[in-house]
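Descriptive analysis of the structure
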Protein chains: 2
Amino acid sequence: MNARRTGRRPGSPDTREAILAAAREAFAERGYDAASIRAIAAAAGVDPALVHHYFGGKEELFRAATAFPADPGRLLPAVLAGGPDAAGERMVRVFLEVWDSPTGTAAVALLRSAVSNEWTARLLREFLVTQVLRRVLDQLDIDPGQRALRGGLVATQLAGLAMMRYVLRLDAVAAAEPATLVAAIGPTVQRYLTGDIT
Amino acid sequence: MNARRTGRRPGSPDTREAILAAAREAFAERGYDAASIRAIAAAAGVDPALVHHYFGGKEELFRAATAFPADPGRLLPAVLAGGPDAAGERMVRVFLEVWDSPTGTAAVALLRSAVSNEWTARLLREFLVTQVLRRVLDQLDIDPGQRALRGGLVATQLAGLAMMRYVLRLDAVAAAEPATLVAAIGPTVQRYLTGDIT
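Nothing here was measured: the structure is a model prediction, and the numbers come from that model. Residue positions are counted from 1 within each chain, in the order its sequence is given. Chains carry letters and ligands carry numbers; both start at the beginning, A for chains and 1 for ligands, and go up in the order they are written. Per-residue local features of the predicted model are confined to residues with pLDDT of at least 70, and side-chain atom pairs are confined, for both listing and counting, to 80 or more; whole-chain, interface and lining totals are unaffected and use all residues. Side-chain numbers come from the whole structure's heavy atoms, not from hydrogens or water.

Considering the overall build of chain A
Counting its regular elements, chain A contains eleven helices and zero strands. Element order for chain A, N to C, with α for helix and β for strand: α-α-α-α-α-α-α-α-α-α-α. Any residue under 20% of the maximum accessible area for its type is buried, any over 50% is exposed, and the rest in between are partly exposed; the area is computed with a 1.4 Å probe on protein chains only. Counting all 198 residues of chain A, 52% fall into the buried class. Contacts were defined at the residue level, with two residues in contact if any of their heavy atoms lie within 4.5 Å. A sequence separation of at least 24 residues applies to 66% of the contacts in chain A between residues at least 6 apart. Using a 1.4 Å probe, accessible areas were evaluated by the Shrake-Rupley method; residue-level cover was limited to the displayed protein chains. When the accessible surface of chain A is summed, it comes to about 8,800 Å², and 52% of that surface belongs to carbon and sulfur atoms. Per the convention used, a helix needs a DSSP run of H or I reaching at least four residues, while a strand needs a run of E reaching at least two, with both numbered from the N terminus.

Structural notes on the environment of P178(B)
Residues and elements named next belong to chain B. If you trace the backbone, P178 turns up in helix α11 (residues 178-194). Note on P178: relative accessible area 31%, which makes it partly exposed. Taking the C-alpha atoms as reference points, P178 and E97, 81 residues apart in sequence, are found 8.2 Å from one another. Setting aside its immediate chain neighbours within four residues, P178 contacts L96, D100 and R165.

Overview of the packing of helix α9 (residues 144-167) of chain A against helix α11 (residues 178-194) of chain A
All names here are of chain A. Close contact between α9 and α11 brings their axes to 8 Å; oriented N to C, the two are set at 160°. When the interaxial angle is binned, α9 and α11 end up roughly antiparallel. For the crossing formed where α9 meets α11, the hand is right-handed. Contacts between α9 and α11 involve R150, L153, V154, T156, Q157, L158, L161 and R165 from the first element and P178, L181, I185, T188, V189, R191, Y192, L193 and T194 from the second. Looking at side-chain class alone, the contact of α9 with α11 contains ten nonpolar, four polar and three charged residues. Angles shown run from 0 to 180 degrees and are taken between the N-to-C directions of axes, each axis being a line fitted to C-alpha atoms and, for helices, limited to the stretch in contact. For this classification, under 35 degrees means roughly parallel, over 145 means roughly antiparallel, 65 to 115 means roughly perpendicular, and everything else is oblique. Here is the rule for handedness: rotate from the far helix to the near one, and if that takes an anticlockwise turn smaller than a right angle the crossing is left-handed, while a clockwise turn gives right-handed. Residue polarity follows a fixed list, in which Ala, Val, Leu, Ile, Met, Phe, Trp, Tyr, Cys and Pro are nonpolar, Asp, Glu, Lys and Arg are charged, and the others, Gly among them, are polar.

Some points on the UniProt feature "DNA-binding region" (unreviewed entry) in chain A
UniProt positions are given in the numbering used here, feature names are shortened, and annotations may be inferred rather than shown by experiment. Here the UniProt-annotated "DNA-binding region" (unreviewed entry) positions come out as residues 36-55 of chain A. What you have in residues 36-55 of chain A is 80% helix and 0% strand, and the ends, taken at the C-alpha atoms, are 14 Å apart.

Quick word on helix α6 (residues 87-100) of chain A
All names here are of chain A. Between the first and last residue of a helix there are one fewer steps than residues, each counted as 1.5 Å, and that sum is the expected span. For α6, built from 14 residues, the straight-helix expectation of 20 Å at 1.5 Å per residue is met to within 8% by its first-to-last C-alpha distance of 20 Å. Where burial is concerned, most of α6 is hidden: ten out of the 14 residues are buried. Looking only at α6, the buried set comprises A87, G88, R90, M91, V92, V94, F95, L96, V98 and W99.

Written out as structure tokens, the structure is:
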């Protein structure tokens, strides 16, 4: 009955959430390769066997831990609502809301892992292209011949914002108000989506 | 006399360059933490003791290996020549020239290490702020109250360009001609340096 160490019932949603929270922190703190299910289980106060029971292996746990803050089905309607003319600004605002939230630590984990782990890089690239960029550009009715480049340009700006604000923590970017960054970076994303890029 | 395995004279500039080239490749391929002096020495065809003799420890070797492609004293005059009005475009062009060159692998190493290693992140941040951004912004005569934010914004765009072109290798960005990226991203950097960001 070791799994009840902290008094949580093994089958309860609380337990699952506690494991996911511990996993997000471990992956963000140590990266995908160095985080262990044993340590995650210990941080969540459960038996490692319970982690395996809920999530299978480490890869499945990682995907579960990173799924929420990057769920495009939930986020993109807010970006796309109201047409193409302010999509850039809204995209930066939603991006900051997600990454500034507690679950944003999972996104930092994904970025760290993608840099050091080719499998994660491939996963992130696929996710970005198929789940985020393609959906936005389809909705905005962009010339198909320019979609890939425009999507890639948006990715450069948002990935770099994440790098400087959350990973390298360059002071001026890490400490800036979201509204300051939306005002400065929104027009860039807007131009990459619908403006002149030649 | 193991150090003469490949016929290079231990004291020659060739040997030093061979060690640096092997170090750049090892750090880019495996990241700072996983690269070993033993493996670097083997790749360079010299004894590990010779690597220690020339460079001291792994940190010193890393700094020596990453120094060239990011030497601001050599690169920034080209960016700053001709005044502020096209500095953004020139900054992107010089950035791509460095990172597209064979020595750009060292810059990829620095970025990978900065993401997984707090010491390297601090080093890169310090280097970026004091050696690159401060020099550019000083020369361009920017309002001191806006320098840090403007420099940080430039850093987000260039770091993201490096991430997508060289680390995650998002196809549309990795395969793009330098001129295409200079045309698209140059105006962004220019606006961050001297334009309206509010």
